[in-house]
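Here is how the chains run, residue by residue.
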Amino acid sequence: MATGSTQYTKDNYHWSTSSTQASQCSFEPATAEDIGIALRILGQTQTPFGVKSGGHTTNAGFSSTPGVEIAMYSFSDIVYNSATQTVALGMGLIWDDVYVALEPHNMTVVGPQMTGVGIGGIALGGGYSYLTDQYGLSIDSVVAYELVLPNGTVAEITDSTNPDLFFALRGIVTTVTVKTFPQSLVWGGIVTYSQNQWEAASLAIANFAANVTDPKASMYNAYSTISGAVMANILFYDSPTRPEGIFDEFLSIPAIVKAVYTRPYADLIQAFPLNALSDLRTVFSSVAVVEYTVPVLDMIANETLFWSTALANSSVSFVSYSADLFLPTIYDHATSPTAYPPSRSHGYSYADLFFGWTDSNFDDTIFDAVNASTQNMIQTLTNFGQDIANVAMYPNHAPPGTSLESMYGDNVPRLRAIKNAVDPDNVMGLTGGWRF
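Model, not experiment: these values are computed from the prediction.

What counts and what doesn't
- Residues numbered from 1 in each chain as written.
- Predicted model: local features only at pLDDT ≥ 70, side-chain atom pairs only at ≥ 80, totals over all residues.
- Heavy atoms only, no water.
- Helix = DSSP H or I, 4+ residues; strand = E, 2+ residues; numbered from the N terminus.
- Contact = heavy atoms within 4.5 Å.
- Salt bridge = Lys/Arg side-chain N within 4 Å of Asp/Glu carboxyl O.
- Buried < 20%, exposed > 50% of the residue type's maximum accessible area, 1.4 Å probe, protein only.
- Core = buried A, V, L, I, M, F, W, Y, C linked by side-chain atoms within 4.5 Å.
- Pairing = 2+ DSSP bridges.
- Axes fitted to C-alpha atoms, helices over the stretch in contact; angles between N-to-C directions.
- Phe/Tyr/Trp six-rings, centres within 6.5 Å; stacked < 30°, edge-to-face > 60°.
- Expected span 1.5 Å × (residues − 1).
- Parallel < 35°, antiparallel > 145°, perpendicular 65-115°, else oblique.
- Left-handed = near helix turned anticlockwise from the far one by under 90°.
- Nonpolar A, V, L, I, M, F, W, Y, C, P; charged D, E, K, R; others polar.

Caption draft 1: Summary view of the environment of Ala 398. By secondary structure assignment, the location of Ala 398 is in the loop between helix H11 (363–383) and helix H12 (404–408). Once the C-alpha coordinates of Ala 398 and Gly 228 are considered, the two residues, 170 residues apart in sequence, prove to be 27 Å apart. Dropping the residues within four chain positions of it, Ala 398 is found in contact with Asn 59, Phe 284, Met 393, Met 407 and Trp 434.

Caption draft 2: Region of interest: the pattern of salt bridges. Tallied over the entire structure, the rule returns seven salt bridges. Of the charged contacts, one joins Lys 10 and Glu 28 as a salt bridge, the two residues approaching to 3.6 Å between their closest N and O atoms. Within this pair, whereas Lys 10 is found in helix H1 (residues 6–12), its partner Glu 28 is found in the loop between strand S1 (25–27) and helix H2 (32–45), the two being separated by 18 residues in sequence. What makes Lys 10 partly exposed here is its relative accessible area of 39%. With its nearest N and O atoms 2.7 Å apart, the salt bridge here joins Arg 281 to Asp 363. Here Asp 363 lies in helix H11 and Arg 281 lies in strand S15 (residues 281–289), a separation of 82 residues in the sequence. Comparing Arg 281 with Asp 363 shows no difference in burial state: the two are buried.

Caption draft 3: Local environment of unusual backbone geometry. Here the amide bond leading from Tyr 340 into Pro 341 is cis, since omega sits at -5°, within 30 degrees of zero. Secondary-structure assignment places Pro 341 in the loop between strand S16 (316–324) and strand S17 (349–357). Phi angles above zero are rare outside glycine, and Phe 247 is one such case at about 80°. Take Phe 247: it is sitting in the loop between strand S13 (229–237) and helix H8 (248–251). Take Phe 247: its relative accessible area is 3%, and that puts it in the buried class.

Caption draft 4: Examining the nonpolar core more closely. Phe 49, Phe 247 and Phe 355 are the most contacted members of the largest nonpolar core, which totals 137 residues. Per-element accounting of this core gives the leading share, seven residues, to S13. Sequence-distant contacts of Phe 49, defined by excluding residues within four places in its chain, comprise Leu 39, Leu 42, Thr 65, Val 68, Ile 70, Ile 172, Val 427, Met 428, Leu 430, Thr 431 and Gly 432.

Caption draft 5: The arrangement of the sheet that holds S17 in detail. Sheet architecture is open: seven strands sit in the order S14-S11-S13-S12-S16-S17-S15, paired in antiparallel fashion. In this open sheet, the two edge strands, each paired with only one partner strand, are strand S14 (257–263) and S15. Neighbour to neighbour, the strand axes of the sheet diverge by 15° on average, direction disregarded. Where S15 and S17 come together, nine bridges link them in antiparallel fashion. In the strand pairing of S17, Arg 281 is matched with Trp 357. Along the sheet, helix H7 (residues 198–211) makes contact with strand S11 (186–194), strand S12 (217–225) and S13, crossing S12 at roughly 150°.

Caption draft 6: Just the packing of aromatic side chains, in detail. Tallied over the full model, the rule gives 23 aromatic pairs. Seen in terms of ring centroids, Tyr 135 and Phe 181 are 3.9 Å apart; in terms of plane orientation they differ by 15°. Their pairing is stacked. Residue Tyr 135 is located in helix H5 (residues 132–135), and its partner Phe 181 is located in strand S10 (residues 181–182); the two are separated by 46 residues in the primary sequence. On the numbers, 5.6 Å between centres and 85° between planes, the contact of Tyr 220 with Phe 272 is edge-to-face. Of the two residues, Tyr 220 is situated in strand S12 and Phe 272 in the loop between helix H9 (265–269) and S15; the sequence distance between them amounts to 52 residues. Accessibility classification places Tyr 220 together with Phe 272 in one group, the buried group. An aromatic cluster is present here, built from Tyr 128, Phe 326, Tyr 340, Tyr 350 and Tyr 394 joined pairwise through their rings.

Caption draft 7: Quick look at H11. Its 21 residues give H11 an end-to-end C-alpha distance of 30 Å, which sits within 8% of 30 Å, the value for a rise of 1.5 Å per residue. Contacts made by the buried residues of H11 are with S15, helix H10 (294–310), S16 and S17. A positive backbone phi angle near 95° is found at Gly 385, which sits one or two residues after H11.

Caption draft 8: View of the sheet that holds strand S4 (residues 78–81). Strands sit in the order S4-S5-S9-S7-S8 across an open sheet of five strands; the sheet is antiparallel. The open sheet has two edge strands, S4 and strand S8 (154–157), and neither has a second partner. Going across the sheet, the axis of each strand differs from the next one's by a mean of 15°, ignoring polarity. Both strand S7 (residues 142–148) and S8 contribute to a ladder of four bridges, which runs antiparallel. From the neighbouring strand, Tyr 145 faces S8, where its bridge partner is Ile 157. Lying on the sheet, H2 is in contact with S7, S8 and strand S9 (172–179); it crosses S7 at an angle near 50°. Of the strands in this sheet, S4 and strand S5 (86–90) touch helix H3 (residues 95–102), which is tilted by about 40° from S4.

Caption draft 9: Up close: the packing of H10 against H11. Close contact between H10 and H11 brings their axes to 11 Å; oriented N to C, the two are set at 160°. With respect to H11, the element H10 is oriented roughly antiparallel. Relative to H11, the crossing made by H10 is right-handed. Contact residues: H10 offers Val 296, Met 299, Ile 300, Glu 303 and Trp 307, while H11 offers Ala 369, Ala 372, Ser 373, Asn 376, Met 377, Thr 380 and Leu 381. A per-class count over the contact of H10 with H11 returns eight nonpolar, three polar and one charged.

Printed below as a string of structure tokens:
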């Protein structure tokens, strides 16, 4: 599609302006064979291209391009198979669509915790969920991919038909088939606290982390500065009612907002207003955490307040640090090897950094701040006795410039060998993402 048209604008739009580029043109393939033809032409002409699923990446050039933008909107089918309890998902969907479509079947999938996120990044990159303690990462539920190889041929990839490609995936995925799981109504929602309640909320988080091992109980906690310092907590229990005692401490703290009740799972996913933070320049980072204690949470609160002040003159709109709690057994659910995480010997919780700003002139300033904060948190956690310095960073939250080894560890040589075997002409080197 030519520049200036409505379709061109939609095809190039990204949730974060830092990952948006103006392509020479865009196109929306209707079939996998269309993509195969395009890949052969792009490879022969050495034309840069981008592939966009939901457009929720924050890193520049990962799903955008100055060349040809391939937007996957036409791949929007949701095909549920009750016999196998799997669902085939087109890469043009967002996970919200899938949650809603599966509700009549009383089933769901392991997808992201936030609204508006596309299928592609989660299904290929990892995927942490409110259901992860029960079922693992999103990638642990994958059964098959329809993949357009760099030479333009179309293949169905499973762990049995092609274990190397199932492990590494080089090409363009059009459809992913994943396991589904029984889903009732859930209990949960958002509770927000003013800064004068952070101490009490941090103690509640630490007590939850130390004492709750029920895999149906989950939470997401964000210390943020958005028009003032607030904490937003998503409380979740995978049942229409919660067991007595779980979350009582949180509900007893005076709150700005308390919207917690029995609801459909899809409705809970939309409880955190992530879409309100669109159209900013953004960057993520993350740090593994063995145990969330009060000192660890105090560190996160202090980083939030420090960097919101330090970057006040750098067009920063918000600074957010989240405490995402998981059980150490989360990596035990995989039935086949995956590139990430490179080691499944121990599962971790994560602290995620998320900064938003408006002026591209401050990009390097913000990136330097995020890197400095990440390293400071790693060192502080190490000083606390937590052995996390060499734990793999989550690729979907890795900032620009992150090394392959810090995400994929000892899997990097195998990934490079698979890439060279499947893509000897380096067609995928014309597009974005982590380069092998």
